[in-house]
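Results of the structural survey
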Amino acid sequence: MKRAIEKTGIVTALGAMSGTSLDGVDAAILRTDGERIEGFGPASYRGYSPAEQAILRGALGQWAGDAVEAATDVIEQAHLALFEDFSGYDLVGFHGQTLAHAPRARGTLQVGDGAWLSQALGCPVVWDFRRTDVEMGGEGAPLAPFFHFACACHIRATEPLAFLNLGGVGNLTYVDPSRARPEEAGALLAFDTGPANAPLNDLLQSRLGLAFDEGGRTARRGTVEQGALELFLAEPYFARIPPKSLDRNDFSEMIALVAELNDADAAATLTAMCAAGVAAGIQHCPQAPAQVLVTGGGRHNPVLMQMLAVSLDCPVRPVEAVGLNGDMLEAQAFAYLAVRVARGLPTSCPGTTGVKAAIGGGTLSWPSETDVAV
Ligand SMILES: Nc1ncnc2c1ncn2[C@@H]1O[C@H](COP(=O)(O)OP(=O)(O)OP(=O)(O)O)[C@@H](O)[C@H]1O
Ligand SMILES: CC(=O)N[C@H]1[C@@H]2OC[C@@H](O2)[C@@H](O)[C@@H]1O[C@H](C)C(=O)O
């Protein structure tokens with residue numbers, strides 16, 4: 001088994017991601033040699049119970065201590081339970097849960113012990129994907145861009161395009177598919193665009209007891225408060241040259257900008273902030289993308305999609321338009337990255353995280369053996 005994973009040929013990898021929305025864990029099978037996508041396999045999701053979610057929320061922004069330990073336990077058990085839905089995989093890519101992310105100061109923390117998971121599953125696990133990149137001077141995020149490059153090749157894209165992920169935080173990858181490899185200069189430019197659903201979710205939760213603005217129903221009834229939007233766009237983050245990344249709560253004070261507004265206007269304004277962050281970010285791309293392919297939960301929000309369509313100068317479509325699965329792209333990305341780590345291929349480069357040179361980050365843990373830091 002070890003030989004097959006570390007050498008050549010196709011690996012059946014199971015990837016899992018617990019994102020900044022804190023709604024649950026996605027897991028998906030991908031068959032790949034770490035470069036080409038050979039095929040997609042089954043996928044599954046396990047939502048967090050309100051009690052689990054409260055534990056995760058309680059640990060956000062913390063680096064150590066009881067709250068972090070409790071969150072770690074929730075993450076490990078949730079993944080183990082979800083992985084019971086799968087069989088026949090050779091390798092696991094385990095992102096875990098980001099609790100804190102401050103790449104220029106204290107580092108980045110994804111909880112969930114991959115060495116423990118490897119023992120529990122009896123299968124090799126790649127985990128702790130972001131730490132080395134941060135240690136080498138990178139942002140440690142976003143990491144999906146190398147997979148986005150493979151997706152662009154898979155769909156036979158010929159012109160530069162962008163993948164836009166709208167989870168709790170938004171992130172965008174500009175891909176030039178004419179380049180031979182993702183780490184080649186000019187192949188990728190990636191960055192977090194700004195807050196996406198996280199502030200909207202937090203607002204709806206605190207005011208209406210709703211987990212999110214389903215179908216954009218609340219925002220649809222509201223009017224965007226232009227003054228608040230302008231204050232938001234005046235944040236220095238938007239002018240900063242990418243690569244750049246955010247912690248989930250970096251823009252949490254934005255909620256204060258809509259505090260005086262009624263529910264519908266506040267929701268409309270937070271939705272518009274997400275779209276405006278993307279429009280500001282896309283100006284940093286080396287050339288205008290021919291299309292923006294949207295992945296993540298935000299693509300289910302028609303109000304947000306309409307705002308994006310109005311503010312961007314190219315077609316904006318969910319990734320399903322090109323045959324990809326927008327609910328599982330991140331899980332598939334960590335399956336893909338796991339195979340790259342096992343094979344010694346890079347997972348980030350100057351264009352994606354700002355790291356000085358292309359590197360592979362992650363730890364490969366084998367059951368009953370010593371960990372191998374890669
Ligand atoms: N039908 C819907 N209508 C409106 N919004 C939706 C809908 N479905 C999902 N969302 C939004 O998408 C969010 C989930 O997105 P996703 O699963 O991509 O997040 P994530 O993986 O946790 O985040 P990240 O990419 O930041 O790690 C929900 O919390 C909600 O805000
Ligand atoms: C530090 C961290 O976990 N960042 C996440 C978060 O969620 C979206 C955005 O912020 C992105 O930078 C990243 O996740 C995706 C999967 C990535 O690394 O590509």
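Fair warning: this is a prediction, and the values are worked out from it, not measured in the lab. Throughout this document, residue positions are counted from 1 along each chain, in the order its sequence is written. Throughout, the order in which chains and ligands are written sets their labels, letters from A for the former and numbers from 1 for the latter. The model is predicted, so local features are restricted to residues of pLDDT at least 70 and side-chain atom pairs to those at 80 or more, both for listing and for counting; the totals for chains, interfaces and linings are taken over all residues. Excluded from the side-chain calculation are hydrogens and water; included are all heavy atoms of the structure.

**Let's talk about the packing of helix α3 (residues 66-83) against helix α4 (residues 114-121)**
Note the following rule: Lines fitted to the C-alpha atoms define the axes, with helices restricted to the stretch that makes contact. Angles between their N-to-C directions range from 0 to 180 degrees. Under the DSSP-based scheme used, a helix requires at least four consecutive residues in state H or I and a strand at least two consecutive residues in state E, with every element numbered from the N terminus. By the definition used in this description, the sense in which the near helix is turned from the far one sets the handedness, with an anticlockwise turn below a right angle giving left-handed and a clockwise turn giving right-handed. By definition, residues are in contact when any of their heavy atoms lie within 4.5 Å. Basically, the charged four are Asp, Glu, Lys and Arg, the nonpolar ten are Ala, Val, Leu, Ile, Met, Phe, Trp, Tyr, Cys and Pro, and anything else, Gly included, counts as polar.
Look at α3 against α4: their axes get within 11 Å of each other, and the N-to-C directions meet at 30°. Regarding α3 and α4, the two cross each other, and that crossing is right-handed. Within the contact between the two elements, α3 uses E76, Q77, L80 and F83 and α4 uses W116, L117, A120 and L121. Residues of the contact of α3 with α4, tallied by class, amount to 6 nonpolar, 1 polar and 1 charged.

**Some words on the domain arrangement of the protein chain**
Here is the rule: For each domain, the first and last residues come from an automatic or database assignment. A simple way to read buried area is as the amount of 1.4 Å-probe accessible surface that goes missing from two parts once joined, with both sides added. Salt bridge, as used here, is a side-chain nitrogen of Lys or Arg placed within 4 Å of a carboxyl oxygen of Asp or Glu. Pairs of N or O atoms are called polar contacts if they sit within 3.5 Å, as long as, within protein, a hydrogen donor faces a hydrogen acceptor (for residues adjacent in sequence, only side-chain-to-side-chain pairs).
Parsing the protein chain into structural domains produces domain 1 (2-141 + 330-373) and domain 2 (156-322). Its C-alpha centre places domain 1 at a distance of 24 Å from the equivalent point of domain 2. Contacts between domain 1 and domain 2 engage 21 residues on the former and 19 residues on the latter. Across the domain 1 to domain 2 interface the summed buried area is about 1,500 Å²; carbon plus sulfur atoms make up 47%. Linking domain 1 to domain 2 there are 2 salt bridges. Between R240 and E139 there is a salt bridge, and its shortest N-O distance comes to 3.3 Å. Counting across the domain 1 and domain 2 interface gives 11 residue pairs in polar contact (both at pLDDT 80 or more). Mapped onto the side of domain 1 that touches domain 2, the elements with two or more residues apiece are β4 (91-102), α13 (329-342) and α14 (350-353). The element that contributes the greatest number of residues to the side of domain 1 that touches domain 2 is α14, accounting for 4 residues. For the side of domain 1 that touches domain 2, a count of residues per class yields 9 nonpolar, 7 polar and 5 charged.

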